[in-house]
Every structure is written in structure tokens, then in C-alpha cells.
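Each chain, written out:
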Amino acid sequence: MEKNFITSDFVKQVHQCDTLFTDIDTVGDCQISLLEFEAYVQKRNPDKEDHDEVMKEFRKIDINQDGYLDFLEFLRACCLKNGVPMPYELNVHDKV
Ligand SMILES: [Ca+2]
């Protein structure tokens, strides 16, 4: 497969991610803070309240470690989780 080829799977993923991202980003600043992330996880799993787990997950997704998930970081995590290959250029880690 061509390295930079954008598959329909990927486009679908972007759309789903965008909807989800908007849903989690309650403040609407195009970034997900740990608070927003935790609120979302709790909404989805009301029984499971494990702050450490959530923190760990958040840190894993927050590649540039600035304490916020931007859309690309979020998208990367979604693609990884769903086994959808990301176009190479988008998959390069953010330069710090
Ligand atoms: Ca970040």
C-alpha cells in the first residue's frame, strides 16, 4: 500500500473521531484537558472509577506531554485502537 494513501477507513475514522472529540471537548477550545477526558471516561464507564488508569491512558495519548490532547493526538490514539493505518505524514510525532 502507498505510504501516504488516505483510505476510506481513515476518512471514516477522522469523521468519527471529530464527532467524539467535539463531544469530549466541552469547553470548546479544540483541546481535551485531563478533566474533560476524565469526565468522558466516567460518563462511559460510571462503574469504573480509576483515576490512575485514566491518567495513564491520558499520558499515553498526550504525546508532546503538554497536558492537553489536541485533535491529532486524539486521532492517532483512535486509529491505533481501531487498527486503521494513519497516513505517514500525520503519524510523525510532533516536534517538541
Ligand atoms: Ca498534547
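Relevant structure appears above.
Remember, predicted model here, so these are calculated numbers, not experimental data.

(A) Geometry of the overall build of the protein. The number of helices and strands found in the protein is five helices and two strands. Listed by position from the N terminus, the elements making up the protein come as α-β-α-α-β-α-α. In terms of overall size, the protein behaves like a compact globule, its C-alpha atoms giving a radius of gyration of 14 Å where 96 residues would be expected to give roughly 12 Å. Taken along the three principal axes of its C-alpha coordinates, the protein extends 40 × 30 × 25 Å. The buried share among the 96 residues of the protein stands at 11%.

(B) Highlighting unusual backbone geometry. Positive phi is not limited to glycine here, since Cys-30 has a value of about 65°. Within the element layout of this structure, Cys-30 appears in the loop between helix 1 (8-24) and strand 1 (32-33). When the 11 C-beta atoms within 10 Å are taken as the criterion, Cys-30 is described as exposed. At Gln-65, a position not held by glycine, the phi torsion is positive, near 55°. Turning to its location among the elements, Gln-65 is positioned in the loop between helix 3 (51-61) and strand 2 (68-69).

Definitions and cut-offs
Residues numbered from 1 in each chain as written. Predicted model: local features only at pLDDT ≥ 70, side-chain atom pairs only at ≥ 80, totals over all residues. Helix = DSSP H or I, 4+ residues; strand = E, 2+ residues; numbered from the N terminus. Rg over C-alpha atoms; globule rule 2.2 N^0.38 Å. Buried ≥ 20, exposed ≤ 12 C-beta atoms within 10 Å, placed from the backbone.

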